[in-house]
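Survey of secondary and tertiary structure
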Amino acid sequence: MTATVIDGKAFAARVRAEVAAHVARLKEEHGITPGLAVVLVGEDPASEVYVRNKGVQTVEVGMASFEHKLPAETSEADLLALIGRLNADPTVHGILVQLPLPAHLNSELVINAIDPSKDADGFHISNVGLLGTGQKSMVPCTPLGCLMMLRDHHGSLAGMNAVVVGRSNIVGKPMAQLLLGDSCTVTIAHSRTKDLAAVCRGADILVAAVGRPEMITGDMVRPGATVIDVGINRIERDGKVKLVGDVHYASAAAVAGAITPVPGGVGPMTIACLLANTLTACCRANGLPEPKGLTA
């Protein structure tokens, strides 16, 4: 068996095109332009690249992009004051504070200072609670992207056995909640799960989000299963730095029915879903119908 490759790059382009079409209609019919504010504290190179990409894609879909780059020594009071101003700004519909923050800043305090309705990352404790109780919320971008790709590939997910390997607040836990919401039977596993291989082999849908390079191998995958690899790990191989996922791609692809590659799988969906979340937040703020298919 050779797995169908789920092309996240192509799927993300489709999502961005849908977002752009909705944004154009909002402008034409209501005179509203969705706005996304991104806050970067310090000069982490990876974060700077990510923020730059977000800014470019925000403008490409017709949204307003507001970037706030602050020095690493910015005080907590000054950062919270900026968030307060963004919360009060009617032209800003989505707010994202780029993580990680410098060590002297309390990330939880900062994230929970964001207006939950503008929480484009879906990390605010109110949104976590709403998602966990099956209510309307802002949904974390990476799990939302995974859900979109699974729905596109399978149609209905009802009744499928899903195993999520990883229990982070950013991916593992919200991914499990989203799959439950689509009527999957869900198991959350992790690096300390007893007989992890056997647990994984029971999955129709296997989501790897554990942060360990190539931890999930082909003998852990049920024949025909759909494998979603959230991991992005840089390793050295043959004297070169290579990007790999949490899944050993070659062995898993020989067994699975469908699989996401790394790179080019889940990664491109994260920014696409950030834009979708900003659009959703804008529609909710203005009492307009939410775009279909762009949220959970």
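As the structure is a prediction and not an experimental result, all values here were calculated from the model.

Thresholds applied
- Residues numbered from 1 in each chain as written.
- Predicted model: local features only at pLDDT ≥ 70, side-chain atom pairs only at ≥ 80, totals over all residues.
- Heavy atoms only, no water.
- Salt bridge = Lys/Arg side-chain N within 4 Å of Asp/Glu carboxyl O.
- Helix = DSSP H or I, 4+ residues; strand = E, 2+ residues; numbered from the N terminus.
- Buried < 20%, exposed > 50% of the residue type's maximum accessible area, 1.4 Å probe, protein only.
- Pairing = 2+ DSSP bridges.
- Right-handed = clockwise from strand over helix to strand, strands pointing away.
- Patch = residues over 30% accessible without salt bridge, like charges linked within 9 Å, V, L, I, M, F, W, Y side chains within 5 Å.
- Areas by Shrake-Rupley, 256 points an atom, 1.4 Å probe, with all protein chains shown as cover.
- Lys, Arg positive; Asp, Glu negative; His and termini not counted.
- Charge placed at Lys NZ, Arg CZ, Asp CG, Glu CD.
- Contact = heavy atoms within 4.5 Å.
- Axes fitted to C-alpha atoms, helices over the stretch in contact; angles between N-to-C directions.
- Polar contact = N/O pair within 3.5 Å; in protein donor to acceptor, adjacent residues only side chain to side chain.
- Parallel < 35°, antiparallel > 145°, perpendicular 65-115°, else oblique.
- Left-handed = near helix turned anticlockwise from the far one by under 90°.
- Nonpolar A, V, L, I, M, F, W, Y, C, P; charged D, E, K, R; others polar.

1. Here we look at the pattern of salt bridges
Oppositely charged side chains can form a pair if their charged atoms are brought close together. One pass over the structure, following the stated rule, counts 6 salt bridges. Residue Arg-151 is joined to Asp-182 by a salt bridge in which the shortest nitrogen-to-oxygen separation is 2.9 Å. Here Asp-182 lies in the loop between α7 (172-181) and β6 (185-189) and Arg-151 lies in helix α6 (residues 141-154), a separation of 31 residues in the sequence. You can call Arg-151 partly exposed: its relative accessible area is 26%. One salt-bridge network, held together by shared partners, links Lys-136, Arg-284 and Glu-290.

2. Here's the deal with the pairing of β6
A regular strand places its side chains so that they alternate between the two faces of the sheet. In the sheet, strand β5 (residues 161-165) pairs with β6 via 5 bridges, with the strands oriented parallel. Opposite Asn-161, over in β6, you have Thr-185 as the bridge partner. The parallel pair β5 and β6 is bridged by α7, and the resulting crossover is right-handed.

3. What about the pairing of strand β10 (residues 240-244)?
Sheet topology note: the strand β9 (residues 233-237)/β10 ladder contains 5 bridges and is antiparallel. Within the sheet, the bridge partner assigned to Asn-233 lies in β10 and is Val-244. Connecting β9 to the antiparallel partner β10 that follows it, the hairpin turn spans 2 residues, and Asp-238 within it adopts a positive phi of roughly 55°.

4. With respect to a negative patch on the surface
Negative charge collects at one region of the surface, where Glu-43, Asp-44, Glu-48 and Glu-73 lie side by side. Within the fold, Glu-43 resides in the loop between β2 (35-41) and α2 (45-60).

5. Section: the sheet that holds β6
Think of a sheet as strands paired side by side through backbone hydrogen bonds, with each pair either parallel or antiparallel. Reading across the sheet, the 6 strands line up as β1-β11-β8-β7-β5-β6 and stay open at both edges, with parallel pairing between neighbours. The two strands at the open ends of the sheet, each matched to only one other strand, are β1 (4-5) and β6. Each of β5, β6 and β7 (205-208) is contacted by α7, which is oriented at about 170° to β5, the strand it contacts most.

6. Side note on the sheet that holds strand β3 (residues 64-70)
Sheet architecture is open: 3 strands sit in the order β3-β2-β4, paired in parallel fashion. What marks the edges here is a single partner per strand, and that holds for β3 and β4 (94-97). Direction aside, the axes of adjacent strands within the sheet are offset by 15° on average. Across 4 bridges, the pairing between β2 and β4 is parallel. Residue pairing in the sheet places Ala-37 in a bridge with Ile-95 of β4.

7. Side note on the side chain of His-124
One can find His-124 in the loop between α4 (107-111) and α5 (125-132). Its relative accessible area of 7% is what places His-124 among the buried residues. Here Ser-126 takes part through its backbone nitrogen, which lies 2.9 Å from a polar atom of the side chain of His-124.

8. Structural notes on the packing of α2 against helix α10 (residues 267-285)
Running from N to C, α2 and α10 point in directions that differ by 50°, and their axes come no closer than 10 Å. On the basis of the axis angle, α2 is oblique to α10. The handedness of the crossing between α2 and α10 is right-handed. Here α2 contributes Tyr-50, Asn-53, Lys-54, Gln-57 and Thr-58 to the contact with α10, which in turn contributes Thr-270, Ile-271, Leu-274 and Leu-275. Its residues assigned to classes, the contact of α2 with α10 comprises 4 nonpolar, 4 polar and 1 charged.

9. Section: the packing of α6 against α7
It is at 9 Å that the axes of α6 and α7 come closest, and there the two elements cross at 35°. The element α6 and its partner α7 pack so that their crossing is right-handed. Residues Pro-143, Leu-144, Cys-146, Leu-147 and Leu-150 of α6 form the contact with α7, whose own contacting residues are Pro-174, Met-175, Leu-178 and Leu-179. Grouping the amino acids of the contact of α6 with α7 by side-chain chemistry returns 9 nonpolar, no polar and no charged.

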